[in-house]
Amino acid sequence: MTPKKAIFPGSFDPFTRGHEDIVRRASKLFDEVIIGLGHNTKKHNRYFEVNGMVEKIQTVFKDEPKVSVQIYNELTAGFAQRLGADYLIRGLRNTTDFEYENSISQVNRYLFKDLETIFLITSPEYAAISSSIIREVHKYGGDVSEFLPFEI
Ligand code: ADP
């Protein structure tokens, strides 16, 4: 059987314990999980620097041979196709996520017809964690260490 390869795309600005949980659960379902950090190199609109974030994510999964990290700067469907990944993983926290994810999964399948989006429902202890709130708290000097799988 051909190995089941999945991508987990996102901005990961920053990568959180909620993201980590999704990756660990996905790695039980797939032979390979590639975390794709989507980054437009022409736009410098991130809060946390991209290469530093990749290194942090790599340390989290250093003992997990199925998991790797890549930066991509193209359509997510194109990235999946290029890697030969037929599965795209996304996490769902609430109905707002659902509305958004529903539309993008339709578009992604239109762009790459064999691409199946797999949704994993957030674990309750991570349901309230979002990268945007972490950025906001960090900006004003708040302690965000509880929400991250590494020191920032
Ligand atoms: P994007 O900018 O593509 O939405 P994010 O980095 O914000 O990327 O999120 C990547 C994926 O992780 C999305 O599917 C998002 O719904 C999911 N996600 C984010 N936070 C959590 C969480 N706390 N629990 C489960 N899934 C999450």
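Scanning the protein chain from terminus to terminus reveals 5 helices and 5 strands. Listing the helices and strands of the protein chain from first to last along the sequence gives β-α-β-α-β-α-β-α-β-α. Relative to the compact-globule value of 15 Å for 152 residues, the protein chain shows a C-alpha radius of gyration of 15 Å, a close match. Based on the C-alpha atoms only, the size of the protein chain along its principal axes is roughly 45 × 35 × 35 Å. The burial tally for the protein chain puts 41% of its 152 residues in the buried class.

Turning next to the nonpolar core. In terms of nonpolar packing, the biggest core is built from 27 residues, with F15, V23, V33, I35, I57, F61 and I89 touching the most fellow members. Of all elements in the fold, only β1 (5-10), α1 (17-26), β2 (32-38), α2 (50-60) and β3 (67-72) reach the threshold of two or more residues within this core. It is α2 that contributes the most residues to this core, 5 residues altogether. Not counting residues up to four positions away in its chain, the partners in contact with V33 are A6, F8, V23, A26, S27, K66, V67, S68 and I89. Y72, A77, A80 and L83 belong to the second-largest nonpolar core, a separate cluster that totals 11 residues.

In this section: unusual backbone geometry. Of note, the amide linkage connecting D13 to P14 takes the cis form, showing an omega dihedral of 5 degrees. In this fold, P14 is placed in the loop between β1 and α1. One non-glycine residue, F12, adopts positive backbone phi at about 50 degrees. Along the polypeptide, F12 turns up in the loop between β1 and α1.

Right, let's talk about the pairing of strand β4 (residues 87-92) for a bit. Here β1 pairs with β4 via 2 bridges, running parallel. Pairing of A6 across the sheet is with Y87, part of β4. Note: β4 against strand β5 (residues 116-121), 6 bridges, orientation parallel. Its bridge partner being in β5, R90 is matched across the sheet by F119. In this region the chain leaves β4, passes through helix α4 (residues 95-111) and returns to the parallel neighbour β5; the handedness of that crossover is right-handed.

Inspection of every chain in the model, using the stated rule, returns 10 salt bridges. Ionic pairing is found between R93 and D97, a salt bridge with its closest N-O pair at 2.9 Å. With a relative accessible area of 12%, D97 lands in the buried category. Linking E136 and K139 is a salt bridge whose minimum nitrogen-to-oxygen distance equals 3.8 Å. Here E136 pairs with K139, and both are found in helix α5 (residues 131-139), just 3 residues apart, close to one helical turn.

Scanning the entire structure with this criterion turns up 6 aromatic pairs. Between Y72 and F79, the aromatic rings sit 4.3 Å apart at their centres with planes inclined by 10 degrees, giving stacked as the arrangement. When sorted by exposure, Y72 lands in the same class as F79, which is buried.

Our next topic: the pairing of β3. Inspection of the sheet shows β2 paired to β3 by 6 bridges, in the parallel sense. If you follow G36 over to β3, its bridge partner there is Q70. Handedness of the crossover is the feature at issue here: the chain leaves β2, passes through α2, returns alongside β3, and the resulting connection is right-handed.

What counts, and where the lines are drawn
Residue positions are counted from 1 within each chain, in the order its sequence is given. Under the rules for a predicted model, residues below a pLDDT of 70 receive no local features and side-chain atom pairs below 80 are neither given nor counted, while totals for whole chains, interfaces and linings still include all residues. The side-chain numbers reported here are obtained from all heavy atoms of the structure, hydrogens and water having been left aside. Secondary structure elements are taken from DSSP: a helix is a run of H or I of four residues or more, a strand is a run of E of two residues or more, and numbering for both begins at the N terminus. When we talk radius of gyration, it's over C-alpha atoms, and the globule rule is simply 2.2 Å times the number of residues to the 0.38. Buried residues are those whose accessible area, probed at 1.4 Å on protein chains only, stays under 20% of the maximum for their type, while exposed residues exceed 50% and partly exposed ones sit between those limits. Only buried residues count toward a nonpolar core, which is a set of Ala, Val, Leu, Ile, Met, Phe, Trp, Tyr and Cys residues joined through side-chain atoms within 4.5 Å. In this analysis, two residues are considered to be in contact whenever any of their non-hydrogen atoms come within 4.5 Å of each other. Pairing between two strands is assigned when DSSP locates at least 2 bridges connecting them. Handedness is read with the strands pointing away from the viewer; a crossover is right-handed when the path from the first strand over the helix to the second is clockwise. The working definition used for a salt bridge is a side-chain nitrogen of Lys or Arg within 4 Å of a carboxyl oxygen of Asp or Glu. Aromatic pairing here means that ring centres of Phe, Tyr or Trp (its six-membered ring) are within 6.5 Å. Orientation follows from the plane angle: under 30 degrees is stacked, over 60 is edge-to-face, and everything else is tilted.

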